[in-house]
Amino acid sequence: MRSTKTIHVISAHAEGEVGDIIVGGVTPPPGDSIWEQSRWIARDQTLRNFVLNEPRGGVFRHVNLLVPPKHPEADAAFIIMEPEDTPPMSGSNSICVSTVLLDSGILPMHEPVTEITLEAPGGLVRVRAECRNGKAERIFVRNLPSFADKLDAKLEVEGLGTLTVDTAYGGDSFVIVDATSLGFSLKPDEAHDIATLGVRITNAANAALGFHHPENPDWKHFSFCLFAGAVEHTADGLRAGAAVAIQPGKVDRSPTGTALSARMAVLHARGQMTQEDSLTAVSVIGSTFTGRIVGTTEVGGRPAVLPEISGRAWITGTHQHMLDPSDPWPGGYKLSDTWGAR
C-alpha cells in the first residue's frame, strides 16, 4: 500500500457522539500554548480537511489531536476539531479523550478511581474516572468556568419572527431557545428540522446579538443553538431534554457537555439551580450527561459557575488513515447534501 502519510486513530463515542483521537502520525503544530496550536490548525486547515472531509470523515465526525501538554499540571493535552470549528472545549470530546487515554493504556489506570488533568485549548480540566475491570466506566469533567451572557434577549429570525433567547458560554458559545415553544419534543424524527433551524438561529444570533468572550478575544461568535427542554423536578434531581444544532447542520447525538454547562450557568443566574442540585440532560437518542455546580467564580468581572459534567464513552475501533500519492482529492471534499449550503 502506497501512502505519503499515515495517521493513527482510536475511534470512540461519548453517549452517541463520535470523538476520534489521533494518537500518532501527526507532529505537534507550532505555538507556545495549546490555544495557539489550535489557532494554527484552524488557519492551516490541512489536518482538519484530511480527517474531517470525505472520504475519511463526514459531518458526523469530531477528531481530537493528542499533543504534549504545555501546563506543568497537565497529564495530556488535546486539540478539538469539529465539523466547522476548532473550539476551546468540548464535553463529549473530553470524555472520549479521557476514555481512550485510560482504556488504551496511554495513561495508567487506577481502580476504582483515576484522576488526571487534561489541557484543552481553553484551559485545564480536571477529570475523575470511575474504573472497573480495565474500563473507564464513567468520566467526570470539571469544565471551564461558564457564564450566562444575555437573558431574555429578543432575536429576529427570518420566517420565525421574534424569539426570546438566552446566550451563554459553557466552554463554547450558545444561543439557547425553548424547544417546546418552537414545537419540538426533542425526538429522533425531529433531528433534521432541529439541525436546519438551529443553524438559522445561530447565524441570526451572530448577526444581531454577537458574542465576545471577556477573557479570550479570539472567541467572538456563537457556535451552537441549544434547543432546551423544560426542566422537570424528579427524585434524582433536575432533568431536561437537550438538542444542539452544530454547524453546518447536524444534531449532536450526545446531550452536549458544553451546552449542559451553559444551561446550568443560565439556571444559576436565574436562581433556578444551586450547588445542591444536579441536572441530567437527555439527548434526542435518549443518552444522558449529568451536571452539577461545584463552585462559583468570575470571568472578566461577570458571575460564573464551575460546572462538573459526567458521561460515558466507548472505543469503537482503530484506524490508519492513509493518502495514496495518486489520489486526486488529497484534502477530501464536502458536498451540500450533507454539509449544507455553502
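Heads up: these notes are all about the structure in this document.

Parameters at a glance
Residues numbered from 1 in each chain as written. Predicted model: local features only at pLDDT ≥ 70, side-chain atom pairs only at ≥ 80, totals over all residues. Heavy atoms only, no water. Helix = DSSP H or I, 4+ residues; strand = E, 2+ residues; numbered from the N terminus. Rg over C-alpha atoms; globule rule 2.2 N^0.38 Å. Buried < 20%, exposed > 50% of the residue type's maximum accessible area, 1.4 Å probe, protein only. Contact = heavy atoms within 4.5 Å. Lys, Arg positive; Asp, Glu negative; His and termini not counted. Charge placed at Lys NZ, Arg CZ, Asp CG, Glu CD. Pairing = 2+ DSSP bridges. Patch = residues over 30% accessible without salt bridge, like charges linked within 9 Å, V, L, I, M, F, W, Y side chains within 5 Å. Areas by Shrake-Rupley, 256 points an atom, 1.4 Å probe, with all protein chains shown as cover. Salt bridge = Lys/Arg side-chain N within 4 Å of Asp/Glu carboxyl O. Expected span 1.5 Å × (residues − 1). Polar contact = N/O pair within 3.5 Å; in protein donor to acceptor, adjacent residues only side chain to side chain. Phe/Tyr/Trp six-rings, centres within 6.5 Å; stacked < 30°, edge-to-face > 60°.

Digging into the overall build of the protein chain
From N to C terminus, the protein chain includes six helices and 19 strands. In terms of C-alpha radius of gyration, the protein chain reaches 19 Å, essentially the compact-globule figure of 20 Å for 342 residues. Seen along its three principal axes, the alpha-carbon backbone of the protein chain occupies a region of about 55 × 45 × 40 Å. Looking at the 342 residues of the protein chain, the share that counts as buried comes to 54%. Here the contacts in the protein chain between residues at least 6 apart in sequence split such that 64% fall between residues at least 24 apart. Separation between the mean location of the 29 positive side-chain charges and that of the 40 negative ones in the protein chain comes to 2 Å.

Re the pairing of strand β10 (residues 161-169)
Bridging between strand β9 (residues 147-157) and β10 involves eight bridges; their strand directions are antiparallel. Paired with valine 157 across the strands is glycine 161, a residue of β10. Connecting β9 to the next strand, β10, in antiparallel fashion are three residues, including glycine 159 with a positive phi near 90°. As judged from the four bridges shared by β10 and strand β11 (residues 173-178), these two strands associate in the antiparallel manner. Paired with alanine 168 across the two strands is phenylalanine 174, which belongs to β11.

Notes on a nonpolar patch on the surface
Together, Trp329, Tyr333 and Leu335 make up a nonpolar patch on the protein surface, roughly 330 Å² of accessible area in all. Mapped onto the elements, leucine 335 comes out in the loop between β19 (313-322) and α6 (336-339).

Quick word on helix α5 (residues 257-269)
For an α-helix the count is 3.6 residues per turn, leaving residues at separations of three or four pointing the same way. With 13 residues, α5 extends 18 Å from end C-alpha to end C-alpha; this agrees with the ideal 18 Å at 1.5 Å per step. Most of α5 is tucked away: eleven of the 13 residues are buried. Restricting attention to buried positions, one finds in α5 the residues Gly257, Thr258, Ala259, Leu260, Ser261, Ala262, Arg263, Met264, Ala265, Val266 and Leu267. In the segment just after α5, glycine 271 is the residue with positive phi, at about 75°.

Focus on the side chain of aspartate 172
Within the secondary structure, aspartate 172 is located in the loop between β10 and β11. No salt bridge is formed by the buried aspartate 172. Its closest oppositely charged neighbour is arginine 39, at 8.9 Å. Here the side chain of aspartate 172 touches serine 173 through a polar contact of 3.5 Å, side chain to side chain. A polar side-chain atom of aspartate 172 sits 3.4 Å from a polar atom in the side chain of tryptophan 219. With residues up to four places along the chain from it excluded, the contact list for aspartate 172 reads Glu82, Pro87, Met89, Trp219, Ser223, Phe224 and Thr258.

Some thoughts on unusual backbone geometry
Cis geometry is adopted by the peptide bond preceding proline 55, which originates at glutamate 54 and carries an omega value of 10°. By the secondary structure assignment, proline 55 is in the loop between α2 (46-52) and β4 (63-67). A cis amide bond, omega 5°, links glutamine 247 with the succeeding residue proline 248. Even without a glycine there, the phi angle at leucine 186 is positive, about 60°. On the secondary structure map, leucine 186 appears in the loop between β11 and α4 (191-208).

Some points on the pattern of salt bridges
Here the structure, examined in full by the defined rule, presents 16 salt bridges. A salt bridge links glutamate 73 to arginine 126; the nearest nitrogen and oxygen atoms lie 2.4 Å apart. Within this pair, whereas glutamate 73 is found in the loop between β4 and β5 (76-81), its partner arginine 126 is found in strand β7 (residues 123-132), the two being separated by 53 residues in sequence. Notably, a salt bridge pairs arginine 128 with glutamate 308, separated by 3.2 Å at the nearest N-O pair.

Quick notes on the packing of aromatic side chains
Taken as a whole and judged by the stated rule, the model has eight aromatic pairs. For the ring pair tryptophan 35 and tryptophan 219, a centre distance of 6.1 Å and an interplane angle of 75° mean the geometry is edge-to-face. Here tryptophan 219 lies in the loop between α4 and β12 (224-228) and tryptophan 35 lies in helix α1 (residues 34-44), a separation of 184 residues in the sequence. Like tryptophan 35, the residue tryptophan 219 is buried in the burial classification. Ring geometry for tyrosine 169 versus phenylalanine 211: centroids 6.1 Å apart, planes at 10°, classification stacked. With tyrosine 169 in strand β10 and phenylalanine 211 in the loop between α4 and β12, the pair connects residues that are 42 residues apart, well separated along the chain. For the pair tyrosine 169 and phenylalanine 211, one class covers both residues: buried.

Structural notes on the environment of glycine 161
As for its placement among the helices and strands, glycine 161 is situated in strand β10. Looking at glycine 161, the relative accessible area reads 24%, which means it is partly exposed. Not counting residues up to four positions away in its chain, the partners in contact with glycine 161 are Leu155 and Glu156.

Describing the pairing of strand β18 (residues 302-311)
In terms of burial, β18 is a largely internal element, seven of the ten residues being buried. Of the strand pairs in this sheet, strand β17 (residues 288-299) and β18 are connected by nine bridges, and their pairing is antiparallel. Within β18, the position partnered with threonine 296 by the bridge is valine 305. Linkage of β17 to β18, two consecutive antiparallel strands, is achieved through a turn of two residues, within which glycine 300 is found at a positive phi near 60°.

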